Amino acid sequence: MPYPFAVSFDEIQANLDFYVDQVFACLTSELLVMPKGPGFVEFAVFDDGYEALKRATSNFQQVTAEAILPAVYQKPIGLIVLRCILGFTPSEWAYFASRETGIQISQSAARTIDRKIRMKPDAPLRENGGVTEQRIRALVEAACGILATGAPSVPGDRLHRLDKPDTAAGIDSVRSFADLGAPYSVLLYERFLGRPFAGHRDSISKLIGNIVENAIEDVLSRNGISFRKTKRAERLPGFDQAPDFVIPNEINPNVVIEAKLTEEHGTARDKVTRVQHLGSLSLLGQPPDQPKFEVVACIAGRGFGVRREDMKKLLLATRGKVFTLQNMEQLVEMTRLRAFRAK
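Described below are features of the structure shown in this document. Quantities reported herein were computed from a predicted structural model and do not represent experimental measurements.

A look at the side chain of Thr167
Here Thr167 lies in the loop between α8 (131-149) and α9 (171-180). Take Thr167: its relative accessible area is 0%, and that puts it in the buried class. Excluding anything up to four places from it in sequence, Thr167 contacts Ile85, Leu147, Gly150, Ala151, Leu162, Ser173 and Val174.

Topic: the sheet that holds strand β5 (residues 322-324)
The strand order across the open sheet built from five strands is β1-β2-β3-β4-β5, with neighbouring strands paired in mixed fashion. Edge positions in the open sheet fall to β1 (228-229) and β5, since each of these has one partner strand only. For β1 and strand β2 (residues 245-248), the ladder comprises two bridges, and the chain directions are antiparallel. Residue pairing for β2: Lys229 is matched across the bridge by Phe245. Strands in contact with helix α13 (residues 211-222) are β1, β2, β3 (253-261) and β4 (294-300); relative to β3, the strand with the most contacts, it is inclined by about 145°.

Comments concerning the packing of aromatic side chains
Centre-to-centre distance and the angle between the planes together describe a pair of aromatic rings. Summed over the entire model, instances satisfying the criterion amount to eight aromatic pairs. Ring geometry for Phe227 against Phe245: centres 5.9 Å apart, planes inclined by 55°, an arrangement best described as tilted. Taken as a pair, Phe227 in the loop between α13 and β1 and Phe245 in strand β2 lie far apart in primary sequence, 18 residues in all. Judged by centre distance (5.6 Å) and plane angle (45°), the ring pair of Phe239 and Phe293 falls under tilted. In this pair, Phe239 is assigned in the loop between β1 and β2 and Phe293 in the loop between α14 (265-282) and β4, connecting sequence segments 54 residues apart. A single burial state applies to Phe239 and to Phe293, both of which are buried.

Observations concerning a nonpolar patch on the surface
Judged by side-chain polarity, Tyr184, Leu187 and Leu188 come together as a nonpolar surface patch covering roughly 300 Å² of accessible area. Inspection of the secondary structure assignment puts Tyr184 in helix α10 (residues 184-194). Overall, the relative accessible area of 56% leaves Tyr184 in the exposed class.

Examining the layout of surface pockets
One number sums up the size of the second largest pocket: a volume of about 1,000 Å³. Going through the elements one at a time, α11 (198-203), α12 (205-209), β3 and α14 are the ones with two or more residues in the lining of the second largest pocket. Its residues assigned to classes, the lining of the second largest pocket shows five nonpolar, seven polar and 19 charged.

Quick notes on the pairing of β2
Burial of β2 is two-sided: the residues Phe245 and Ile247 facing one way and the residues Val246 and Pro248 facing the other way are all buried. As paired strands, β2 and β3 are joined by four bridges and run antiparallel to one another. Looking across to β3, one finds that Val246 is bridged to Val256.

Notes on the pattern of salt bridges
With the rule as written, the count across this model stands at 27 salt bridges. One salt bridge in this structure joins Asp17 and Lys312, with 3.2 Å as the shortest N-O distance. Remark: Lys312 occurs in helix α15 (residues 308-317) and Asp17 occurs in helix α2 (residues 16-24); sequence separation between them is 295 residues. Across the pair Arg175 and Asp172 runs a salt bridge, and its minimum N-O distance is 2.7 Å. Of the two residues, Arg175 and Asp172 both sit in helix α9, three residues apart, roughly one turn of that helix. Classification of Arg175 as buried rests on a relative accessible area of 19%. Exposure remark for Asp172: the relative accessible area of 49% places this residue in the partly exposed category.

Reading the values: the criteria
- Counting from 1, residues in each chain are numbered in the order their sequence is written.
- Residues qualify for local features only when their pLDDT is at least 70, as the model is predicted, and side-chain atom pairs are given and counted only at 80 or more; totals for whole chains, interfaces and linings, by contrast, use all residues.
- For the side-chain quantities, the full set of heavy atoms in the structure was used; hydrogens and water were omitted.
- For helices the rule is a DSSP run of H or I covering at least 4 residues; for strands it is a run of E covering at least 2, with both sets numbered from the N terminus onward.
- A 1.4 Å probe rolled over the protein chains alone gives each residue an accessible area, and that area as a share of the maximum for its type sets the label: buried under 20%, exposed over 50%, partly exposed in between.
- Any two residues having at least one pair of non-hydrogen atoms within 4.5 Å are treated as being in contact.
- Note on pairing: two strands pair once DSSP finds at least 2 bridges between them.
- Note on geometry: axes are C-alpha line fits, over the in-contact stretch for helices, and angles between N-to-C directions span 0 to 180 degrees.
- Pairing of aromatic side chains here covers Phe, Tyr and the six-membered ring of Trp, requires ring centres within 6.5 Å, and sorts the geometry by plane angle: under 30 degrees stacked, over 60 edge-to-face, intermediate tilted.
- Here a patch means residues that are over 30% exposed by relative accessible area and free of salt bridges, tied together within 9 Å if like-charged and within 5 Å if nonpolar (Val, Leu, Ile, Met, Phe, Trp, Tyr).
- Each accessible area value is a Shrake-Rupley result obtained with a 1.4 Å probe; residue values ignore everything except the protein chains displayed when judging cover.
- We define a salt bridge as a side-chain nitrogen of Lys or Arg found within 4 Å of a carboxyl oxygen belonging to Asp or Glu.
- Residues are called lining when one of their atoms sits within 4 Å of a cavity or pocket point, these points coming from a 1 Å grid over the protein atoms alone, where a cavity is a set in which a 1.4 Å probe fits but cannot get out and a pocket is an open set with protein on both sides within 12 Å along at least five of seven lines.
- Grid points are joined across faces, edges and corners, and a volume is the space filled by probe spheres set on the points.
- By the convention adopted, Pro, Cys, Tyr, Trp, Phe, Met, Ile, Leu, Val and Ala count as nonpolar, Lys, Arg, Asp and Glu as charged, and the other residues, Gly among them, as polar.

Here you go:
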């Protein structure tokens, strides 16, 4: 069966639903398999941090900054374990600690500390009396303070973040779970509230989003094609919204490429709208069958496979030049890019 980029625009217009099905058949979800990315912490490493924290506090009997800080500096992953006990993100912990201790910790500073540890979880931290040391102490002191009291009473229509089985009664709950373990239903409820791998998905969101762009760059580079990859919110002359790629450059655009991987149909619809706008720009002052530049869409993820009407718009705006990860190798041969191939 031919892909839409391999047939004439007249053929696409005459059999639009058929070619929508052809593109849908090539779209796969990136839901189940995720890249680990730099900074991924294996369970064994995390478990070492947990055991170090457990030893330092005498099985959570002495949860104080004086007990925890030496262990954290020797085994930094223990700081992330402590954050996970609280159930906070780095930014949330920074905000809470700043309010409780008076030591100002910006969200970016907290994320930097967290990432530095994840990149080298076993590398001891240096104690030099600097601002980072003050921030780490403030984070630990704030954690110890709130764990000493547990979740306070709140109105019935509210939920306190510490009102979870392992911290509801403060450190007593932590000790109980450390000694007895957690029932499976508790684990499932935690997943229900927070969804599994949420933190990891957030940390690699940019890496996931770049999968399609990286594939395009690889194809263009292997074929020796000059291209201009734009940056976020960058402005290019002649474009009120810069496309992701311009070939060979923005001064002489012959091919523009929009790239997107998404699992959400709302995000997919936004990208379709951008491609439609580029299609309109390509025809300004031009005969209907001679666009100034060719508009190409490279897409991935189940978000593009939800709404048939959106895919029809995408096929019409690109005159059929819609590619997926499955057929990206045909990107050069089936577009104007072949005229710029140097290898």
